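Coordinates in review
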Amino acid sequence: QVQLVESGGGLVQPGGSLRLSCAASGSIFSINDMGWYRQAPGKERELVATITSGSRINYADSVKDRVTVSRDNAKNTVYLQMSSLEPTDTAVYYCYAKNSWSQREYWGQGTQVTVSS
C-alpha cells in the first residue's frame, strides 16, 4: 500500500500563486509516476501534470505555461507550483502515484484550491 498526503491548498486571489506538496509513504519502492490531477465541481477528474522518477514530465495543455511539477525522490515528495491562477483553476487537487510493476494507481485525499477575489 501507498499513502499520499497532500498539503498546500487554500484560497488565493486571481493572479496569485500556490504550491502544493504531496508526500508518499508505505510501499513506494516501485512507484515511478507521480503527479497531480484535479476535479472541478460538476466536471470529470483531469490531468494537471505528472513526473517520473527520471524527471520525465507531462503537462496538460491548459496549464503548462502556468505550473511547474517537481519531485524530490529522496523525500518521496512531489510538488506543484502554480502561478497566474484563474478562477477556472478552482478544484480539488489530487496527488497521484502509479506502481510501475503492478500498474496500480494510488490517490491522495485531495486538497481544495479556490481562486476567488
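The paragraphs below set out a description of the structure included in this document.

Rules of the game
Residues numbered from 1 in each chain as written. Predicted model: local features only at pLDDT ≥ 70, side-chain atom pairs only at ≥ 80, totals over all residues. Heavy atoms only, no water. Helix = DSSP H or I, 4+ residues; strand = E, 2+ residues; numbered from the N terminus. Phe/Tyr/Trp six-rings, centres within 6.5 Å; stacked < 30°, edge-to-face > 60°. Lys NZ or Arg CZ within 6 Å of the ring centre and 35° of its normal.

Some words on unusual backbone geometry
Among all residues except glycine, the phi angle is most often negative; among peptide bonds, the trans geometry is most common. You will see that Ser55, though not glycine, has its phi angle at about 70°, which is positive. Positionally, Ser55 belongs in the loop between strand S5 (46-51) and strand S6 (57-59).

Considering the packing of aromatic side chains
Throughout the structure, instances matching the rule amount to three aromatic pairs. For the pair Tyr37 and Trp107, a centre-to-centre distance of 5.1 Å together with 75° between the ring planes defines the contact as edge-to-face. One end of the pair, Tyr37, is in strand S4 (residues 31-39); the other, Trp107, is in strand S10 (residues 105-107), with 70 residues separating them in the sequence. One aromatic cluster is present, formed by Tyr37, Tyr96 and Trp107 through successive ring pairs. When the ring centre of Tyr79 is taken as reference, the NZ or CZ atom of Arg19 above it lies at 4.1 Å. Here Arg45 stacks its cationic end above the ring of Tyr94, 3.8 Å away from the centre of that ring.

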